[in-house]
There are 2 protein chains.
Amino acid sequence: MQAARDIFAVKGPALSTEEVARAAGVGIGTVFRHFPSKEKLLEALYHERLDHTAERARAAARAPDPGVALFDFLTETVLDSSTKIALADALADAGIDVRSGAGTRAHDLTDALTVLLTRAQRAGAARADIGAPELAAVLYGASRAAAFAVSEEVRSRTVRVILDGLRPPSRRAGARR
Amino acid sequence: MQAARDIFAVKGPALSTEEVARAAGVGIGTVFRHFPSKEKLLEALYHERLDHTAERARAAARAPDPGVALFDFLTETVLDSSTKIALADALADAGIDVRSGAGTRAHDLTDALTVLLTRAQRAGAARADIGAPELAAVLYGASRAAAFAVSEEVRSRTVRVILDGLRPPSRRAGARR
(Lines give C-alpha, C1' and ligand atoms only; values in the text may rest on other atoms or scores of the structure.)
Protein backbone atom coordinates (compact mmCIF):
# COMPACT_ATOMS: atom_id res chain seq x y z
CA MET A 1 0.00 0.00 0.00
CA GLN A 2 2.87 2.39 0.83
CA ALA A 3 4.39 1.74 -2.60
CA ALA A 4 1.00 2.21 -4.28
CA ARG A 5 0.49 5.50 -2.43
CA ASP A 6 3.91 6.81 -3.45
CA ILE A 7 3.51 5.86 -7.10
CA PHE A 8 -0.05 7.22 -7.31
CA ALA A 9 1.19 10.53 -5.88
CA VAL A 10 3.58 10.84 -8.85
CA LYS A 11 1.84 9.06 -11.75
CA GLY A 12 -1.83 9.20 -10.78
CA PRO A 13 -4.17 6.66 -12.40
CA ALA A 14 -1.48 5.82 -14.98
CA LEU A 15 0.29 3.70 -12.35
CA SER A 16 0.78 0.02 -13.17
CA THR A 17 0.62 -2.91 -10.74
CA GLU A 18 4.03 -4.00 -12.07
CA GLU A 19 5.59 -0.72 -10.90
CA VAL A 20 3.95 -1.10 -7.51
CA ALA A 21 5.34 -4.65 -7.15
CA ARG A 22 8.84 -3.44 -8.13
CA ALA A 23 8.74 -0.49 -5.70
CA ALA A 24 7.46 -2.73 -2.90
CA GLY A 25 10.20 -5.30 -3.63
CA VAL A 26 7.69 -8.14 -4.10
CA GLY A 27 6.74 -10.35 -7.02
CA ILE A 28 3.88 -9.37 -9.33
CA GLY A 29 2.04 -12.49 -8.14
CA THR A 30 1.95 -11.16 -4.58
CA VAL A 31 0.37 -7.91 -5.74
CA PHE A 32 -2.16 -9.75 -7.92
CA ARG A 33 -3.11 -12.05 -5.02
CA HIS A 34 -4.17 -9.00 -2.99
CA PHE A 35 -5.39 -6.85 -5.91
CA PRO A 36 -6.60 -8.91 -8.90
CA SER A 37 -6.78 -5.73 -11.01
CA LYS A 38 -5.40 -2.22 -11.05
CA GLU A 39 -8.91 -0.98 -10.25
CA LYS A 40 -8.94 -3.08 -7.06
CA LEU A 41 -5.67 -1.43 -6.06
CA LEU A 42 -7.04 2.07 -6.73
CA GLU A 43 -10.19 1.15 -4.80
CA ALA A 44 -8.06 0.01 -1.84
CA LEU A 45 -6.22 3.35 -1.91
CA TYR A 46 -9.55 5.19 -2.00
CA HIS A 47 -10.91 3.17 0.92
CA GLU A 48 -7.75 3.91 2.87
CA ARG A 49 -8.38 7.65 2.35
CA LEU A 50 -11.99 7.28 3.53
CA ASP A 51 -10.83 5.41 6.65
CA HIS A 52 -8.26 8.11 7.32
CA THR A 53 -10.86 10.88 6.95
CA ALA A 54 -13.32 9.06 9.25
CA GLU A 55 -10.57 8.55 11.86
CA ARG A 56 -9.73 12.27 11.72
CA ALA A 57 -13.43 13.17 12.05
CA ARG A 58 -13.68 10.94 15.16
CA ALA A 59 -10.59 12.58 16.67
CA ALA A 60 -12.05 16.03 15.93
CA ALA A 61 -15.32 15.04 17.62
CA ARG A 62 -13.35 14.37 20.83
CA ALA A 63 -11.55 17.75 20.77
CA PRO A 64 -12.32 20.28 23.53
CA ASP A 65 -13.70 23.07 21.28
CA PRO A 66 -16.22 21.43 18.88
CA GLY A 67 -16.59 24.51 16.63
CA VAL A 68 -12.86 24.99 16.07
CA ALA A 69 -12.47 21.21 15.66
CA LEU A 70 -15.23 21.06 12.99
CA PHE A 71 -13.87 23.92 10.87
CA ASP A 72 -10.24 22.80 11.24
CA PHE A 73 -11.23 19.28 10.20
CA LEU A 74 -13.19 20.54 7.17
CA THR A 75 -10.48 22.96 6.01
CA GLU A 76 -7.75 20.31 6.28
CA THR A 77 -9.88 17.68 4.58
CA VAL A 78 -10.74 19.97 1.67
CA LEU A 79 -7.19 21.27 1.14
CA ASP A 80 -5.88 17.67 1.30
CA SER A 81 -8.52 16.25 -1.07
CA SER A 82 -6.72 16.25 -4.42
CA THR A 83 -5.57 12.63 -4.11
CA LYS A 84 -9.03 11.47 -3.08
CA ILE A 85 -10.60 13.30 -6.03
CA ALA A 86 -8.04 11.83 -8.46
CA LEU A 87 -8.78 8.33 -7.12
CA ALA A 88 -12.57 8.85 -7.27
CA ASP A 89 -12.30 10.12 -10.88
CA ALA A 90 -10.09 7.22 -11.93
CA LEU A 91 -12.55 4.74 -10.41
CA ALA A 92 -15.50 6.52 -12.04
CA ASP A 93 -13.69 6.34 -15.39
CA ALA A 94 -13.35 2.57 -14.82
CA GLY A 95 -17.12 2.40 -14.26
CA ILE A 96 -16.89 1.88 -10.49
CA ASP A 97 -19.38 3.85 -8.39
CA VAL A 98 -17.32 4.88 -5.36
CA ARG A 99 -20.35 5.97 -3.39
CA SER A 100 -22.24 2.68 -3.57
CA GLY A 101 -19.04 0.61 -3.33
CA ALA A 102 -17.78 2.30 -0.18
CA GLY A 103 -20.39 0.50 1.99
CA THR A 104 -19.53 0.34 5.70
CA ARG A 105 -16.76 2.89 5.25
CA ALA A 106 -19.18 5.55 4.02
CA HIS A 107 -21.41 4.79 7.02
CA ASP A 108 -18.45 5.15 9.40
CA LEU A 109 -17.65 8.54 7.90
CA THR A 110 -21.29 9.65 8.06
CA ASP A 111 -21.48 8.58 11.71
CA ALA A 112 -18.31 10.50 12.56
CA LEU A 113 -19.54 13.60 10.69
CA THR A 114 -22.87 13.40 12.53
CA VAL A 115 -21.19 13.42 15.96
CA LEU A 116 -18.79 16.20 14.98
CA LEU A 117 -21.56 18.38 13.49
CA THR A 118 -24.01 17.80 16.36
CA ARG A 119 -21.40 18.82 18.93
CA ALA A 120 -20.57 21.99 16.96
CA GLN A 121 -24.28 22.79 16.59
CA ARG A 122 -24.85 22.37 20.35
CA ALA A 123 -21.94 24.76 20.96
CA GLY A 124 -23.61 27.29 18.62
CA ALA A 125 -20.69 27.11 16.16
CA ALA A 126 -22.55 25.53 13.22
CA ARG A 127 -25.97 26.36 11.73
CA ALA A 128 -28.79 24.27 13.13
CA ASP A 129 -30.71 23.54 9.91
CA ILE A 130 -28.44 20.89 8.40
CA GLY A 131 -27.40 17.29 9.05
CA ALA A 132 -24.59 14.95 7.95
CA PRO A 133 -25.94 14.55 4.36
CA GLU A 134 -25.69 18.33 3.78
CA LEU A 135 -22.29 18.46 5.49
CA ALA A 136 -21.01 15.62 3.29
CA ALA A 137 -22.28 17.37 0.15
CA VAL A 138 -20.71 20.69 1.21
CA LEU A 139 -17.42 18.87 1.91
CA TYR A 140 -17.55 17.26 -1.52
CA GLY A 141 -18.42 20.54 -3.27
CA ALA A 142 -15.71 22.46 -1.40
CA SER A 143 -13.14 19.81 -2.42
CA ARG A 144 -14.17 20.13 -6.08
CA ALA A 145 -14.12 23.92 -5.82
CA ALA A 146 -10.61 23.77 -4.34
CA ALA A 147 -9.45 21.66 -7.28
CA PHE A 148 -11.06 24.14 -9.71
CA ALA A 149 -9.55 27.30 -8.17
CA VAL A 150 -6.91 28.92 -10.37
CA SER A 151 -4.37 29.76 -7.63
CA GLU A 152 -3.50 29.04 -3.99
CA GLU A 153 -4.97 32.39 -2.93
CA VAL A 154 -8.25 31.83 -4.77
CA ARG A 155 -8.35 28.28 -3.36
CA SER A 156 -7.99 29.37 0.26
CA ARG A 157 -10.55 32.20 -0.11
CA THR A 158 -13.02 29.91 -1.92
CA VAL A 159 -12.81 27.22 0.76
CA ARG A 160 -13.32 29.84 3.48
CA VAL A 161 -16.37 31.27 1.68
CA ILE A 162 -18.00 27.84 1.27
CA LEU A 163 -17.30 26.72 4.84
CA ASP A 164 -18.53 30.08 6.19
CA GLY A 165 -21.94 29.08 4.87
CA LEU A 166 -21.99 26.40 7.60
CA ARG A 167 -21.67 28.94 10.39
CA PRO A 168 -24.67 30.46 12.15
CA PRO A 169 -25.21 34.16 11.28
CA SER A 170 -23.50 35.47 14.45
CA ARG A 171 -20.22 33.56 13.91
CA ARG A 172 -19.37 34.33 10.30
CA ALA A 173 -15.85 35.36 9.39
CA GLY A 174 -17.61 37.60 6.86
CA ALA A 175 -15.50 40.31 5.28
CA ARG A 176 -12.46 39.42 7.41
CA ARG A 177 -9.47 38.86 5.12
CA MET B 1 -27.88 21.52 -32.23
CA GLN B 2 -31.51 21.08 -31.12
CA ALA B 3 -31.35 17.38 -32.05
CA ALA B 4 -28.00 17.00 -30.28
CA ARG B 5 -29.40 18.68 -27.14
CA ASP B 6 -32.46 16.38 -27.12
CA ILE B 7 -30.46 13.20 -27.61
CA PHE B 8 -27.82 14.19 -25.04
CA ALA B 9 -30.59 14.83 -22.50
CA VAL B 10 -31.69 11.19 -22.88
CA LYS B 11 -28.51 9.25 -23.71
CA GLY B 12 -25.75 11.45 -22.29
CA PRO B 13 -22.23 10.99 -23.69
CA ALA B 14 -23.32 7.69 -25.30
CA LEU B 15 -25.01 9.66 -28.07
CA SER B 16 -23.81 9.00 -31.62
CA THR B 17 -23.48 11.52 -34.46
CA GLU B 18 -25.54 9.12 -36.62
CA GLU B 19 -28.49 9.42 -34.21
CA VAL B 20 -28.16 13.19 -34.20
CA ALA B 21 -28.19 13.28 -38.02
CA ARG B 22 -31.28 11.02 -38.11
CA ALA B 23 -33.14 13.10 -35.50
CA ALA B 24 -32.25 16.34 -37.31
CA GLY B 25 -33.39 14.86 -40.64
CA VAL B 26 -30.05 15.54 -42.34
CA GLY B 27 -27.36 13.33 -43.84
CA ILE B 28 -24.45 12.13 -41.73
CA GLY B 29 -22.15 14.12 -44.06
CA THR B 30 -23.85 17.36 -43.02
CA VAL B 31 -23.25 16.62 -39.35
CA PHE B 32 -19.63 15.65 -39.99
CA ARG B 33 -19.03 18.84 -41.97
CA HIS B 34 -19.94 20.90 -38.88
CA PHE B 35 -18.63 18.46 -36.25
CA PRO B 36 -15.78 16.25 -37.53
CA SER B 37 -16.00 14.13 -34.36
CA LYS B 38 -18.45 13.34 -31.60
CA GLU B 39 -16.19 15.26 -29.22
CA LYS B 40 -16.55 18.39 -31.38
CA LEU B 41 -20.32 18.02 -31.11
CA LEU B 42 -20.17 17.64 -27.31
CA GLU B 43 -17.83 20.61 -27.15
CA ALA B 44 -20.30 22.70 -29.18
CA LEU B 45 -23.08 21.72 -26.74
CA TYR B 46 -20.84 22.70 -23.81
CA HIS B 47 -19.99 26.05 -25.38
CA GLU B 48 -23.69 26.67 -25.96
CA ARG B 49 -24.31 26.13 -22.22
CA LEU B 50 -21.49 28.54 -21.33
CA ASP B 51 -22.93 31.18 -23.70
CA HIS B 52 -26.37 30.70 -22.16
CA THR B 53 -24.97 31.07 -18.61
CA ALA B 54 -23.03 34.22 -19.56
CA GLU B 55 -26.14 35.69 -21.21
CA ARG B 56 -28.17 35.00 -18.04
CA ALA B 57 -25.42 36.57 -15.89
CA ARG B 58 -25.51 39.71 -18.08
CA ALA B 59 -29.30 39.89 -17.77
CA ALA B 60 -29.01 39.47 -13.97
CA ALA B 61 -26.45 42.29 -13.82
CA ARG B 62 -29.05 44.62 -15.39
CA ALA B 63 -31.79 43.70 -12.85
CA PRO B 64 -33.01 46.37 -10.41
CA ASP B 65 -32.01 44.55 -7.15
CA PRO B 66 -28.41 43.34 -7.62
CA GLY B 67 -28.39 41.14 -4.49
CA VAL B 68 -31.57 39.27 -5.35
CA ALA B 69 -30.41 39.00 -8.97
CA LEU B 70 -27.02 37.52 -7.95
CA PHE B 71 -28.44 34.85 -5.65
CA ASP B 72 -31.32 33.98 -8.01
CA PHE B 73 -28.83 33.62 -10.87
CA LEU B 74 -26.50 31.43 -8.80
CA THR B 75 -29.29 29.19 -7.44
CA GLU B 76 -30.80 28.65 -10.90
CA THR B 77 -27.41 28.03 -12.49
CA VAL B 78 -26.44 25.46 -9.85
CA LEU B 79 -29.76 23.61 -9.89
CA ASP B 80 -29.66 23.54 -13.71
CA SER B 81 -26.02 22.40 -13.93
CA SER B 82 -26.38 18.62 -14.39
CA THR B 83 -26.18 18.77 -18.20
CA LYS B 84 -23.14 21.07 -18.09
CA ILE B 85 -21.40 18.73 -15.62
CA ALA B 86 -22.20 15.67 -17.75
CA LEU B 87 -20.78 17.43 -20.83
CA ALA B 88 -17.66 18.61 -18.97
CA ASP B 89 -17.04 15.08 -17.64
CA ALA B 90 -17.54 13.50 -21.07
CA LEU B 91 -15.07 15.99 -22.59
CA ALA B 92 -12.58 15.42 -19.75
CA ASP B 93 -12.87 11.65 -20.36
CA ALA B 94 -12.01 12.32 -24.02
CA GLY B 95 -8.90 14.22 -22.86
CA ILE B 96 -10.28 17.67 -23.68
CA ASP B 97 -9.58 20.38 -21.07
CA VAL B 98 -12.82 22.39 -21.05
CA ARG B 99 -11.29 25.22 -19.07
CA SER B 100 -8.41 25.96 -21.43
CA GLY B 101 -10.53 25.18 -24.52
CA ALA B 102 -13.35 27.53 -23.63
CA GLY B 103 -11.23 30.62 -24.48
CA THR B 104 -13.24 33.78 -25.19
CA ARG B 105 -16.41 32.17 -23.80
CA ALA B 106 -14.85 31.70 -20.36
CA HIS B 107 -13.72 35.35 -20.47
CA ASP B 108 -17.24 36.49 -21.37
CA LEU B 109 -18.63 34.56 -18.41
CA THR B 110 -15.95 35.92 -16.05
CA ASP B 111 -16.70 39.47 -17.23
CA ALA B 112 -20.43 39.00 -16.65
CA LEU B 113 -19.82 37.47 -13.18
CA THR B 114 -17.54 40.39 -12.30
CA VAL B 115 -20.22 42.99 -13.12
CA LEU B 116 -22.93 41.00 -11.32
CA LEU B 117 -20.79 40.45 -8.20
CA THR B 118 -19.50 44.03 -8.04
CA ARG B 119 -23.03 45.42 -8.21
CA ALA B 120 -24.17 43.05 -5.40
CA GLN B 121 -21.11 44.00 -3.31
CA ARG B 122 -21.83 47.71 -3.75
CA ALA B 123 -25.41 47.08 -2.60
CA GLY B 124 -24.02 45.28 0.49
CA ALA B 125 -25.61 41.98 -0.55
CA ALA B 126 -22.37 40.02 -1.17
CA ARG B 127 -19.19 39.79 0.92
CA ALA B 128 -16.52 42.28 -0.10
CA ASP B 129 -13.44 40.01 0.14
CA ILE B 130 -13.92 38.00 -3.06
CA GLY B 131 -13.76 38.48 -6.82
CA ALA B 132 -14.96 36.66 -9.93
CA PRO B 133 -12.36 33.82 -9.60
CA GLU B 134 -13.71 32.90 -6.14
CA LEU B 135 -17.31 33.27 -7.35
CA ALA B 136 -16.62 30.98 -10.31
CA ALA B 137 -15.01 28.36 -8.02
CA VAL B 138 -17.93 28.54 -5.56
CA LEU B 139 -20.38 28.16 -8.48
CA TYR B 140 -18.46 25.13 -9.72
CA GLY B 141 -18.24 23.57 -6.24
CA ALA B 142 -21.94 24.20 -5.55
CA SER B 143 -22.85 22.54 -8.86
CA ARG B 144 -20.77 19.48 -7.96
CA ALA B 145 -22.24 19.41 -4.46
CA ALA B 146 -25.75 19.56 -5.96
CA ALA B 147 -24.94 16.56 -8.16
CA PHE B 148 -23.56 14.68 -5.11
CA ALA B 149 -26.54 15.36 -2.81
CA VAL B 150 -28.62 12.25 -2.10
CA SER B 151 -32.09 13.82 -2.41
CA GLU B 152 -33.89 16.94 -3.63
CA GLU B 153 -34.20 18.22 -0.05
CA VAL B 154 -30.51 17.72 0.73
CA ARG B 155 -29.67 19.34 -2.63
CA SER B 156 -31.65 22.48 -1.96
CA ARG B 157 -30.33 22.86 1.60
CA THR B 158 -26.74 22.22 0.46
CA VAL B 159 -26.93 24.84 -2.28
CA ARG B 160 -28.39 27.37 0.18
CA VAL B 161 -25.62 26.67 2.71
CA ILE B 162 -22.85 27.12 0.13
CA LEU B 163 -24.35 30.27 -1.40
CA ASP B 164 -24.96 31.73 2.08
CA GLY B 165 -21.18 31.78 2.45
CA LEU B 166 -21.16 34.52 -0.20
CA ARG B 167 -23.34 36.85 1.88
CA PRO B 168 -21.91 39.44 4.26
CA PRO B 169 -22.47 38.53 7.97
CA SER B 170 -25.52 40.79 8.36
CA ARG B 171 -27.44 39.25 5.45
CA ARG B 172 -27.18 35.52 6.14
CA ALA B 173 -30.27 33.32 5.93
CA GLY B 174 -28.65 31.45 8.82
CA ALA B 175 -30.82 29.00 10.69
CA ARG B 176 -33.93 29.92 8.67
CA ARG B 177 -35.47 26.80 7.17
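Residues numbered from 1 in each chain as written. Chains lettered and ligands numbered in written order. Predicted model: local features only at pLDDT ≥ 70, side-chain atom pairs only at ≥ 80, totals over all residues.

J.: Can you walk me through the environment of Arg62(B) in this structure?
T.: Along the chain, Arg62(B) turns up in the loop between α4 (38–61) and α5 (66–79). Sequence separation between Arg62(B) and Ala4(B) is 58 residues; the distance between their C-alpha atoms is 31 Å. (Helix = DSSP H or I, 4+ residues; strand = E, 2+ residues; numbered from the N terminus.)

J.: Sorry if this is basic, but what is going on with the relation of the copies chain B and chain A here?
T.: Put simply, the two copies of the chain differ by a rotation about an axis and a shift along that axis. Overlaying chain B with chain A gives an RMSD of 0.0 Å, the required rotation being 180° about an axis along which the chain moves by 0.0 Å. In the structure described here, the two chain copies are related by an operation that fits a two-fold rotation axis. Comparing interface residues between copies, 100% of those in chain B also lie at the interface in chain A; the contact surface is shared. (Least-squares fit on C-alpha atoms with pLDDT ≥ 70 in both. Contact = placed C-beta atoms within 7 Å.)

J.: Would you mind showing me how to read the domain arrangement of chain A here?
T.: Note: interface size is frequently given as the accessible area lost on complex formation between the parts. All names here are of chain A. Structurally, chain A comprises domain 1 (1–36) and domain 2 (37–171). The centre of domain 1, based on its C-alpha atoms, is set 27 Å off from the matching centre of domain 2. Counting from both sides, the interface comprises 12 residues of domain 1 and, opposite them, 11 residues of domain 2. Elements with a minimum of two residues in the side of domain 1 that touches domain 2: α1 (2–11) and α2 (17–24). For the side of domain 1 that touches domain 2, the element with the most residues is α1, which contributes 4 residues. Residue composition of the side of domain 1 that touches domain 2, grouped by class: 8 nonpolar, 3 polar and 1 charged. (Domains from an automatic or database assignment. Nonpolar A, V, L, I, M, F, W, Y, C, P; charged D, E, K, R; others polar.)

J.: Looking at this structure, how should I read the environment of Ser81(B)?
T.: Residue and element names in this part refer to chain B. Relative to the helices and strands, Ser81 is located in the loop between α5 and α6 (82–93). Assessed through the 21 C-beta atoms surrounding it within 10 Å, Ser81 is described here as buried. Through-space distance from the C-alpha of Ser81 to that of Arg144 is 8.5 Å; in sequence the pair is 63 residues apart. Non-local contacts of Ser81, meaning those with residues more than four positions away in its chain, are made with Ser143 and Ala146. (Buried ≥ 20, exposed ≤ 12 C-beta atoms within 10 Å, placed from the backbone.)

J.: Explain α1(A) to me, please; I cannot follow it from the model alone.
T.: Every α-helix carries 3.6 residues per turn, so stepping three or four residues along brings you back to the same face. All names here are of chain A. Looking only at α1, the buried set comprises Ala4, Ile7 and Phe8. All buried residues of α1 fall inside an arc of 105° around its axis, so they share one side. Residues Gln2, Ala9 and Val10 are exposed on α1 and point more than 90 degrees away from its buried face. Here the buried face of α1 lies against α2 and α4 (38–61). (Arc of directions from axis to C-beta.)

J.: Please explain the interface of chain B and chain A as it appears in this structure.
T.: On the side of chain A, 32 residues touch chain B, which itself brings 32 residues to the contact. Considering every element that reaches the side of chain B that touches chain A, the biggest residue donor is helix α9 (residues 132–148) of chain B, with 10 residues. Of the residues belonging to the side of chain B that touches chain A, the class tally is 19 nonpolar, 4 polar and 9 charged.

J.: Before we go on, may I ask you to explain the packing of α4(A) against helix α6 (residues 82–93) of chain A in this structure?
T.: Residues and elements named next belong to chain A. With their axes 10 Å apart at the nearest point, α4 and α6 run at an angle of 145° to one another. For the pair α4 and α6, the crossing hand works out as left-handed. Contact residues: α4 offers Glu39, Leu42, Glu43, Leu45, Tyr46 and Arg49, while α6 offers Thr83, Lys84, Leu87, Ala88, Ala90 and Leu91. (Axes fitted to C-alpha atoms, helices over the stretch in contact; angles between N-to-C directions. Left-handed = near helix turned anticlockwise from the far one by under 90°.)

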